[in-house]
Amino acid sequence: VIRVTINGFVYQIPSDISIMEACEKTGWPLPHLCFLKDINEIGACRVCVVEVEGEERLITACNNKVYPGMVIYTNSPRVQEARRINLQLILSQHDSHCTTCPRNGNCALQQACFDLGIEESLYHKEVPENKWPQDFPLIREESKCIKCLRCVQICDKIQSLGVWDLVRSGGRTTVNVSGGRHIENADCTVCGQCVTHCPTGALHGRQDRKRVYPWEKAINNPDIVTVVQVAPAVRAAWGEGLNLSRERATPGRLAAALRRCGFNFVFDTNFGADLTVMEEASEFLKRMTDGQKHRYPMFTSCCPGWVRFLKSQYPDMVDDLSTSKSPQGMQATMTKTYFADKIGVPADKIFSISVMPCLAKKSEIAIPSLNDAGAGQDLDVTLTTREMIAMIRAQNLDVANLPEEPFDSPLGVSTGAGVIFGTTGGVMEAALRTGYYLAAGETPSPDTFKTVCRTEAHPWGEAAYDFAGIPVRTAVVSGLANTRQLIRALRRGEVHYDFVEVMACPGGCVGGGGQPIHDGEELAAIRGRRLHNLDRMANIRFSHENPEIQRLYREFLGEPLSEKAERYLHTDHHQ
Ligand code: HC0
Ligand code: SF4
């Protein structure tokens, strides 16, 4: 413990922490744009500068440590003036058309300028026009980039991909796709972690709301039936963007809000998750008993960021991906086959939309081999949680006081197993619950397969079980740098598993690239707990006990892995 003085007050603080941390701990948080704890501590934006007695120059707080007896001023006139000048320099290269920016109202630069009383941009010059391909799900606007390098570091350190890099030099230095590549050829997984860590609107998702509205196109078109499905992780975060308390932001209120946006049917991707469990657990058991020796485990395939990663980084392992489609994909195909038959509407008159916490899902729906219903794409549009929030806001609804309503049936009834898909380890836990039942013929306690947290030894979690005489070794990982370590260990033969769940985004979909953004604050763990609570409160906690799933097999699919199930619910990842 050391003694420091901040703004005239004396504090005892731990030694060996940064000035930034010391100020935060003592109630003097500093403004910053580029700082991301443990990931980007480079002092590039110079907005966190402080004055330190005895030092001639102002010092960046994020990458300098405290020392005993240090005397710090966080808000002196000199500090304030320097911050304003630094912001003016950033603004000189920034396209400040805030009203049409996707980050309007949620932008660290906008906030810092407002807080520091910047009323006009002093040195503004025209910024270059955007040349980015507008059909890619992830969009970069050079004119909004403040060169904070967060995207470079997130992609490199957390996702091990290095899609972004600094290019050009001097005053023309900026960030772009590394190695002079085009984004389409840069092995980008479209996980969107760069988007959720960008302080401004320089990186954002492709906006697809205009494909659902204007109204005459899909919503309110009397010739078209609109169907929306909502992913598990969306319910854990949607309230954040609408200022709803946790108690108010229930799945039932979300269903009610979507109904008032004009969708004819509001379905739950959790139903699709239950269906994925049925197929994937059956596929896994078949693999475990097929008499063949498998060098690698079976990998889950529901995260399109992870699937893109495997295809580009380790193409020889693609055969070890589960052939089961993602819940989004299964739900979509059932919507335009089974459900279309039920309501007597041809598939090409159904406009099907999903709301996902994810950007990569926007690319998943365009993969030809996932479209099996025979009427164009099984899903027409995928919106992110952020786009859905904007859509609800556009209705001017009093969301907090909406009644809670059920999802529509038959693709809206789901279980606690489905809802935990949205958080790391949940797919595995849900699949093991049903897998055990299928193998042993008896239902275990739903809490038997709580995932083991990652250990000191590995950046992934592992657990082993006995399925009526079949030993089952499992691992769970999220974040692609962690995943790369796991895959290297598998390839070197250091670890052996039978079934592995991978999610590209740290914490799973709850931390997905389409979720509400809280500058630098990681909410995946809190949102994950919300999903586990929903599971605990659910009446049914096993996918195979979902009555609507049982009915779907009875009326349409036969049984898991039947010829029909293979045709509609499985895919060939090589296509
Ligand atoms: Fe996910 Fe999913 S859990 S990938 O994260 O499996 O996006 O929430 O919808 O499809 O269910 C995302 C979330 C999903 C799918 C589900 C899976
Ligand atoms: Fe998308 Fe979820 Fe995968 Fe992230 S973890 S890329 S949000 S599916």
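Here, residues in each chain are numbered from 1, in the same order as that chain's written sequence. Think of it this way: whatever chain is written first is A, whatever ligand is written first is 1, and the rest follow in order. In view of the model being predicted, local features appear only for residues whose pLDDT reaches at least 70, and side-chain atom pairs are presented and counted only at 80 or more, with totals across whole chains, interfaces and linings using the full set of residues. By convention in this description, side-chain values take in all heavy atoms of the structure and omit both hydrogens and water.

Focus on the sheet that holds strand β10 (residues 225-230)
Pairing between two strands requires that DSSP report at least two bridges joining them. Helix and strand assignments come from DSSP, with helices taken as H or I runs of at least 4 residues and strands as E runs of at least 2, each series counted from the N terminus. The parallel open sheet is built from four strands, whose spatial order is β11-β10-β13-β14. The sheet terminates laterally at β11 (265-268) and β14 (381-384), the two strands that pair on one side only. The sheet shows a mean angle of 25° between the axes of neighbouring strands, direction not considered. Examined bridge by bridge, strand β13 (residues 350-356) and β14 share four bridges and lie parallel to one another. From the neighbouring strand, V355 faces β14, where its bridge partner is L383. Between two residues, a contact is recorded if the distance between any of their heavy atoms is within 4.5 Å. Comment: axis = line fitted to C-alpha atoms, over the contacting stretch for helices; angle = value between 0 and 180 degrees taken between N-to-C directions. Lying on the sheet, helix α7 (residues 269-288) is in contact with β10, β11 and β13; it crosses β11 at an angle near 40°.

Overview of the environment of F35
Relative to the helices and strands, F35 resides in the loop between α1 (19-25) and β3 (49-52). When accessible area is computed with a 1.4 Å probe and restricted to protein chains, residues below 20% of their type maximum are described as buried, those above 50% as exposed, and intermediate ones as partly exposed. The class for F35 is buried, based on a relative accessible area of 13%. Residues F35 and G272, spaced 237 residues apart in sequence, show a C-alpha to C-alpha distance of 39 Å. In this structure, F35 is in contact with M20, N40, E41, C62 and R150, ignoring residues within four places of it in sequence.

Structural notes on the pattern of salt bridges
Within this document, salt bridges are pairs made up of a side-chain nitrogen of Lys or Arg and a carboxyl oxygen of Asp or Glu, the two lying within 4 Å of each other. Under the defined criterion, the tally for this structure stands at 35 salt bridges. Among the salt bridges present, the one from D408 reaches R259, with a minimum N-O distance of 3.2 Å. Of the two residues, D408 is situated in the loop between α11 (385-394) and α12 (416-419) and R259 in helix α6 (residues 251-260); the sequence distance between them amounts to 149 residues. Close ionic contact of E387 with K362 constitutes a salt bridge, the shortest N to O distance being 2.7 Å. Pair noted here: E387 is in helix α11 and K362 is in helix α10 (residues 360-364), with a separation of 25 residues, a long-range link. For the pair E387 and K362, a shared accessibility class is recorded, and that class is buried.

Regarding the nonpolar core
Within this scheme, the nonpolar core is defined by two criteria: the residues are buried Ala, Val, Leu, Ile, Met, Phe, Trp, Tyr or Cys, and they are joined through side-chain atoms within 4.5 Å. Counting residues in each nonpolar core, the largest one holds 95 residues, and the members touching the most others are L138, W164, W238, F263 and W306. In this structure, V227, M334, L557 and L569 belong to the second largest nonpolar core, which totals 22 residues.

Overview of the site of ligand 1
When we say a residue is near a molecule or strand, we mean one of its heavy atoms is within 4 Å of it. By nearness alone, 16 residues border ligand 1, and A233, C302, Q328, K361 and C509 come closest of all. We call two N or O atoms a polar contact when they sit within 3.5 Å, provided that within protein one can donate a hydrogen and the other can accept it, with sequence-adjacent residues counted only if both atoms are side-chain atoms. A233 is positioned with one of its backbone polar atoms (N or O) 2.8 Å from an oxygen atom of ligand 1. Q328 places a polar main-chain atom, nitrogen or oxygen, 2.9 Å from an oxygen atom of ligand 1. Those elements giving two or more residues to the shell around ligand 1 turn out to be α7 and α9 (327-343). Under the convention adopted here, Pro, Cys and the residues Ala, Val, Leu, Ile, Met, Phe, Trp and Tyr are nonpolar, Asp, Glu, Lys and Arg are charged, and Gly plus all remaining residues are polar. In terms of residue class, the shell around ligand 1 is built from 11 nonpolar, four polar and one charged.

Some thoughts on the sheet that holds strand β15 (residues 461-467)
Taken together, four strands build an open sheet; the order of strands is β12-β17-β16-β15 and the sheet is mixed. At either end of the open sheet lies a strand with only one pairing partner, and these are β12 (298-299) and β15. Across five bridges, the pairing between strand β16 (residues 470-478) and strand β17 (residues 499-503) is parallel. Each bridged residue has a counterpart across the sheet, and for S478 the counterpart in β17 is M503. Each of β12, β16 and β17 is contacted by helix α14 (residues 480-491), which is oriented at about 145° to β16, the strand it contacts most.

As for unusual backbone geometry
In this structure, the amide linkage connecting S409 to the following residue, P410, adopts the cis form with an omega of 15°. Within the secondary structure, P410 sits in the loop between α11 and α12. Phi is positive for N396, close to 50°, though the residue is something other than glycine. Here N396 lies in the loop between α11 and α12. Overall, the relative accessible area of 70% leaves N396 in the exposed class. One non-glycine residue, A468, adopts positive backbone phi at about 50°.

Looking at the packing of α9 against helix α16 (residues 547-557)
Running from N to C, α9 and α16 point in directions that differ by 80°, and their axes come no closer than 12 Å. Classified by the angle their axes make, α9 and α16 are roughly perpendicular. On the side of α9, the interface is formed by M334, T337, Y338, D341 and K342, while α16 contributes R551, L552, E555, F556 and L557. Grouping the constituent residues of the contact of α9 with α16 by class yields five nonpolar, one polar and four charged. Working definition: roughly parallel below 35 degrees, roughly antiparallel above 145 degrees, roughly perpendicular at 65 to 115 degrees, and oblique for all remaining angles.

Considerations on a nonpolar patch on the surface
A contiguous nonpolar surface patch, about 400 Å² in accessible area, is contributed by I85, L89, L122 and Y123. As for its position among the elements, L89 is in helix α2 (residues 77-91). Given a relative accessible area of 49%, L89 falls into the partly exposed group. Residues forming no salt bridge and having over 30% relative accessible area are the ones grouped into patches, like charges within 9 Å of each other and nonpolar side chains (Val, Leu, Ile, Met, Phe, Trp, Tyr) within 5 Å. For accessible areas, the Shrake-Rupley method is used with a probe of radius 1.4 Å. Any residue's cover is judged against the shown protein chains and nothing else.

Quick word on the pairing of strand β1 (residues 2-6)
Most of β1 is tucked away: four of the five residues are buried. Note that β1 and strand β2 (residues 9-13) share five bridges and pair antiparallel. Its bridge partner lying in β2, T5 is registered against V10. Note: β1 against strand β5 (residues 71-73), two bridges, orientation parallel. In the sheet register, I6 faces β5, and the bridge partner there is I72.

A short note on the packing of α7 against helix α13 (residues 426-440)
Relative to each other, α7 and α13 sit at 55°, their axes nearing to 9 Å. Accordingly, the angle class assigned to the pair α7 and α13 is oblique. Once α7 is placed against α13, the crossing between them reads as right-handed. Judged by residue contacts, V277, M278, A281, S282 and L285 of α7 engage A430, A431, T434, G435, L438 and A439 from α13. When its residues are assigned to classes, the contact of α7 with α13 shows eight nonpolar, three polar and no charged. Crossings are sorted by hand: turned counterclockwise from the far helix by less than a right angle, the near helix makes the crossing left-handed, and turned clockwise it makes it right-handed.

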